[in-house]
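The lines below spell out each chain.
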Amino acid sequence: MGAERTPRAVGTAWGLLVLNTLGSAGAKTIVPLPRSLIQMVTMGALVAAFALALAVDLRLRVRTSAFLFLLTLLLVPSVLASASLESGFGALFRCARLTLFIATLWLLSRWWDGGTAFVRHHIRMYFLVLCSVAAGLAVSPGAALPDLYGGRLVGALWPLTPPQIGQYAAVITGLTVLLLLGRRTDRGSAALVVVPALVLLALTHTRTATLGLIAGLAVAIGSLVLTSAAARRFFTWAVLVAAVAAVGFGSLLQAWFLRGQSQENFTSLTGRAKVWDALLAAPRSTPEFLFGSGLGDKSFGGLPIDNSWLAVYHEQGVTGVTLVAAMIAVLGGVALLRPPSLSRACALFLISYCAIASYTEAGLGDASPYLLHLTVAASLLAAPAAAPALPVPGAARRRVPRWAQRSEVT
């Protein structure tokens, strides 16, 4: 498996999975898109991704993966809780979607070899998504920076919220920087991705994505400083630039970070804490405590939960929380045990980013970009498959005379 060349269909299938996780709710677009049409496109993308993955892996040759095994086990509380129909038939539909999503990941695992192929697929697809955001900004700045979102950047061609855009920009920025440090790309190509991505990230005013990018790169580059001179130079320059920016632009950075919010609104995480307290205080039966209330839209009382752990607890119970924590722990443990390398650094960046973003973003318990980020990390940590041993020509048989073959009794 490791010696096989990755078919182009694998990259196409990955791109379709990314399209499926873009979601159907967001800002108003320049050309109004019915939600039913968006859902048809995203679900069609998932079915097409599964069909492509199955077509290139008809023999169902997959890699053993603790991450995918735990992710598959997450279907158990999802189905058990959704079968009660407490969350409506939509919960069963979401279970079917998650099942197809995980099945596609299993089929694509055949091409996990510890290399950066899936990192490049990830960067290319999200870069195309950001290009659509930039195009919407150029065509209609008013629609891309609406007052409804406080002037933050949204998707004007495809309904994307500021946190989504910030997440995509931060992830591809971090991965591209690491590829540059590992000499897997040139400076021109890296600048073509990083510069516009950082501009879009700044326009979204997304604090979670910014902190995730900084912390994730710190962890990833820290894992390389002992073995990479380029990583040491980058780390030194990053510290110097950060110090100068903190001194010279401290007030501007503080204003950007606060986004004009009051101190009370900021300390309550833009109202998230009130939803979290209400969710934890709500009475639950034993089955709900163990398996949740079924897959939903990651909301409670009509308000978004915006926390992966509480969303999983609400929809998949403590069983789901335990499985998600095990997924993160397994990936992190494997990454820490590996020797320093570019693949390990990229995996640490993605794991760290998802862990940080999980505090204010939901998605670790359902088909989402965060599960795709973790899947890329799992592909980076997969051990390359051993090449099949070539047959060794047998030694020429020495002819033994007949008289020597006769045994004598003395």
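Shown above is the structure to which this text applies.
Rules used throughout
Residues numbered from 1 in each chain as written. Predicted model: local features only at pLDDT ≥ 70, side-chain atom pairs only at ≥ 80, totals over all residues. Heavy atoms only, no water. Salt bridge = Lys/Arg side-chain N within 4 Å of Asp/Glu carboxyl O. Helix = DSSP H or I, 4+ residues; strand = E, 2+ residues; numbered from the N terminus. Buried < 20%, exposed > 50% of the residue type's maximum accessible area, 1.4 Å probe, protein only. Expected span 1.5 Å × (residues − 1). Arc of directions from axis to C-beta. Contact = heavy atoms within 4.5 Å. Core = buried A, V, L, I, M, F, W, Y, C linked by side-chain atoms within 4.5 Å.

### What about the pattern of salt bridges?
Here comes step 1: Tallied over the entire structure, the rule returns four salt bridges.
Here comes step 2: Between Arg110 and Asp57 there is a salt bridge, with its nearest N and O atoms 3.1 Å apart. In this pair, Arg110 is assigned in the loop between α5 (89-108) and α6 (117-139) and Asp57 in the loop between α2 (35-56) and α3 (66-73), connecting sequence segments 53 residues apart. Comparing Arg110 with Asp57, the two get one shared label, buried.
Here comes step 3: With a closest N to O distance of 3.0 Å, Asp366 and Lys298 form a salt bridge. Of this pair, Asp366 sits in the loop between α17 (342-357) and α18 (369-381) while Lys298 sits in the loop between α15 (286-291) and β1 (299-300); the two residues are 68 residues apart in sequence, bridging distant segments of the chain.
Here comes step 4: Lys298 gets classed as buried once you look at its relative accessible area, which sits at 17%.
Here comes step 5: One salt-bridge network, in which partners are shared between bridges, spans Lys298, Glu315 and Asp366.

### Overview of α2
Here comes step 1: For α2, built from 22 residues, the straight-helix expectation of 32 Å at 1.5 Å per residue is met to within 8% by its first-to-last C-alpha distance of 32 Å.
Here comes step 2: Taken as a whole, α2 has its buried residues at Ile38, Thr42, Met43, Ala45, Leu46, Ala49 and Ala53. Down the axis of α2, the sector holding all buried residues measures 140 degrees, keeping them to one side. The exposed residues of α2 that point more than 90 degrees off its buried face are Ser36 and Met40.
Here comes step 3: Looking at the buried residues of α2, the elements they touch are α1 (8-20) and α5.

### Regarding the nonpolar core
Here comes step 1: Core analysis: the largest hydrophobic core is formed by 96 residues, its most contacted members being Trp14, Leu17, Leu71 and Leu178.
Here comes step 2: Among all residues touching Leu17, those that are not within four sequence positions of it are Leu46, Ala49, Phe101, Thr104, Leu105, Leu108 and Leu372.
Here comes step 3: By size, the runner-up hydrophobic cluster in this structure holds six residues, among which are Trp276, Leu279, Ile305 and Ala311.

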